[in-house]
Structure formats: structure tokens, C-alpha cells
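Here is what each chain is made of, one letter per residue.
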Amino acid sequence: MSGPAVLNISYIFPNGDRYDGECQKSSDDVIMRSGSGIHTTPNGIIYKGQWYNDKMNGSGRLEHPSGAVYEGEFRDNMFHGRGTYIFQNGAKYVGEFNENKLEGEGEFTDLKGLQWIGNFHYKAAPGLKLKLDI
């Protein structure tokens, strides 16, 4: 027995958002984003990546018009798992995320290019250590 058929669609939502990619019909005949796809908004937000149950799930890249970019793992439309977040000002965090929060082992590169490593807990990062290349 095979699973639901994969459909390739292009859909414009009532709010002007656009989705181009793979979908599947649910058991109650609702078409949901599932597989690879690109979602764009009129204000310039772009998501390219995996979908499951009509949500960003799996690996993907989310770009904001401000210049901020997240690339990594998503779960239920949130940054969750390993990823890289480049802030609008150019600073960068590479590490673990938990429900859109920096959580766990990571490395933060500041605007001067200094790399700080340690455990992050949302907005706090006690005990960060400067990474030195000697």
C-alpha cells in the first residue's frame, strides 16, 4: 500500500503569501504542504525547505527582509535542533535551538569577529569562553 500522492502546486493565499512546492491530501481531503517547498510573503520573508503537516518541519532556510537569516532544523514552524542564525547586524550564532530560543551548546561570533563558545539559555549565556586560535 502506498502513501498519499505528492502534488506539486503553486498557491496564493488570501493574505498575498505564496507557496510553490509539494503537498499531500490529508485523510479528510485537505491539501497540506508536505515535502519541499518555497513560501514567500509580500513583505519579503522567504522560507525554502521541508514541510510536514502544513508546517515548517525538517531542514530549511528562513530569510527576513532585515537581512537576518536562519538555516537549520525546524519543528512545528519554530527553530528547533541544530542551526545557524545570522543577525541583522552580522553577528552569528551556530548551535542548538529549542522552540525558537538559543538553547544548549553553541558558538557566537560578535561584530569584531571574536568567537565565544559555551552553553546558551535563551538570552543568557553564563560562562562563555573566548575561542582562541593559537
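Heads up: the structure comes first, above all this text.
These lines cover the structure that appears in this document, whether it is placed above or below.

Definitions and limits used
- Residues numbered from 1 in each chain as written.
- Predicted model: local features only at pLDDT ≥ 70, side-chain atom pairs only at ≥ 80, totals over all residues.
- Heavy atoms only, no water.
- Pairing = 2+ DSSP bridges.
- Helix = DSSP H or I, 4+ residues; strand = E, 2+ residues; numbered from the N terminus.
- Buried < 20%, exposed > 50% of the residue type's maximum accessible area, 1.4 Å probe, protein only.
- Contact = heavy atoms within 4.5 Å.
- Salt bridge = Lys/Arg side-chain N within 4 Å of Asp/Glu carboxyl O.

1. Observations concerning the pairing of strand β3 (residues 31-40)
In terms of strand pairing, strand β2 (residues 18-25) meets β3 through seven bridges, oriented antiparallel. The residue bridging Arg18 from the neighbouring strand is Thr40, located in β3. The antiparallel hairpin formed by β2 and β3 contains five residues in its connecting segment, where Asp29 sits at a positive phi of about 70 degrees. As judged from the six bridges shared by β3 and strand β4 (residues 46-52), these two strands associate in the antiparallel manner. Across the sheet, Thr40 pairs through a bridge with Ile46, a residue of β4. Once β3 ends, the chain turns through five residues before running back antiparallel as β4, passing Gly44 with a positive phi of about 100 degrees.

2. Examining the environment of Arg82
Of note, Arg82 is situated in strand β7 (residues 78-86). Here Arg82 falls in the partly exposed class, since its relative accessible area comes to 46%. Taking the C-alpha atoms as reference, Arg82 lies 11 Å from Lys101; in sequence the two are 19 residues apart. For Arg82, the contacting residues outside a window of four places in its chain are Tyr70, Gly72, Glu73, Val94, Gly95, Glu96 and Glu105.

3. A word on the pattern of salt bridges
This model, assessed by the stated rule, comprises six salt bridges. Close ionic contact of Arg18 with Asp20 constitutes a salt bridge, the shortest N to O distance being 2.8 Å. Using a relative accessible area of 34% as the deciding quantity, one classes Arg18 as partly exposed. Arg61 is paired through a salt bridge with Glu63; the nearest N and O atoms lie 2.7 Å apart. Looking at Arg61, the relative accessible area reads 29%, which means it is partly exposed. A cluster of three or more residues bridged by salt bridges with shared partners is formed by Arg61, Glu63 and Glu71.

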